[in-house]
Every structure is written in C-alpha cells, then in structure tokens.
Amino acid sequence: MNSGRKSNVIKGVLQMKCPSCGEGDLFEYPMHRIDKVLKMHDACPICNQDYRQEPGFYFGAMYFSYGITIGVMVLFGVGYNILFDPDEYYQTILSVLVPAILIVPFNYRISRTLMLYIFGRIRKAPKSQDLVESKEFSS
Ligand SMILES: [Zn+2]
C-alpha cells in the first residue's frame, strides 16, 4: 500500500465516501440534518457498490463508537480539570457528558464508515481513466 492510497483512504473515511470509488456519499443527508442523520444509502449512488454487507454487520460499529466516546470523555474530562481546576464535581461530569452527547451524530457516522472501510468486503473500483489506459495497453 503506497502513501497515495493511504491518504485516499483517510480522506475517504473523514469525508464518509464510498470505499470502492471514493466519490459517492455513504449517507443520504448532510450531518446538520439531525432528523435524518441515521439515513444511509443502500448502495453507492456513483458506482452502485452495495453498502449492506450482511445482516447485523453494522453492530460492530458500536465498538468504534464506544472507543471514540471514551476517548472524547477522557480528553475533555482531563483537559477541563487541568485547565479550570473545578470546585464542584458536577462541573467535571458536565465537561465529560456535554461533549460526548454533542458528538453523537458524527460518532455514529464515522463508526459506520470505519466499520465499512476496515471490515467491509469491498474492492477498490478502478477509476475510469485507469480503464482507458488499460485498453490502450491491451490494443
Ligand atoms: Zn462508489
């Protein structure tokens, strides 16, 4: 795996794009549409790659979600205590809970994206320019 492919994968995960073509969106609506934040395409709108792997496939995303939530809680809890040295324990609890609740939509989506990129059985689709080049070589 070269560094160009790695950067494409990282970019694809962060932008939540199709792992096959890197262009189609995984989710139907932008993240600010809180009422539709969970709605995911069944297949890629560009290359038609099926995102439904098998029944229960996305249950595994809860482990990513759990790890991200714990990381955010530790980061904000420790950071708040170091920076502000709170007097009351409820301030520390709020400094942990508020960020953990605010990242729920992003966390949900990035966890599913990571699950699909890491454990989904998806082959990288050749780019259309690669197909043209391979035809030129074969003829
Ligand atoms: Zn695609």
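Here is a short report on the structure shown in this document. (Residues numbered from 1 in each chain as written. Predicted model: local features only at pLDDT ≥ 70, side-chain atom pairs only at ≥ 80, totals over all residues.)

Let's talk about the overall build of the protein
Selection criterion: A helix here means a DSSP run of H or I that spans at least four residues, while a strand means a run of E at least two residues long, and both kinds are numbered starting from the N terminus. The exposure scheme places C-beta atoms from the backbone and then counts, for each residue, the other C-beta atoms within 10 Å of its own, assigning buried at 20 or more, exposed at 12 or fewer, and partly exposed in between. Contacts are defined on C-beta atoms placed from the backbone: any two residues whose C-beta positions lie within 7 Å are in contact.
Within the protein, the regular secondary structure consists of 5 helices and 0 strands. Its helices and strands in sequence order give the protein the pattern α-α-α-α-α, from N to C terminus. Evaluated residue by residue, the protein yields a buried proportion of 14% over its 139 residues. Taking as baseline every contact in the protein between residues at least 6 positions apart, the subset at least 24 positions apart corresponds to 55%.

Details of the nonpolar core
Test applied: In plain words, the nonpolar core is the set of buried Ala, Val, Leu, Ile, Met, Phe, Trp, Tyr and Cys residues that C-beta atoms within 7 Å link up.
Formed by C18, C21, L26, F27, C44, Y51, A61, L114, M115 and L116, the largest nonpolar core amounts to 10 residues. Looking at this core element by element, the count peaks at 3 residues for helix 4 (residues 104–119). If we ignore the near neighbours within four places in the chain, the residues touching F27 are M16, K39, M40, H41 and R109.

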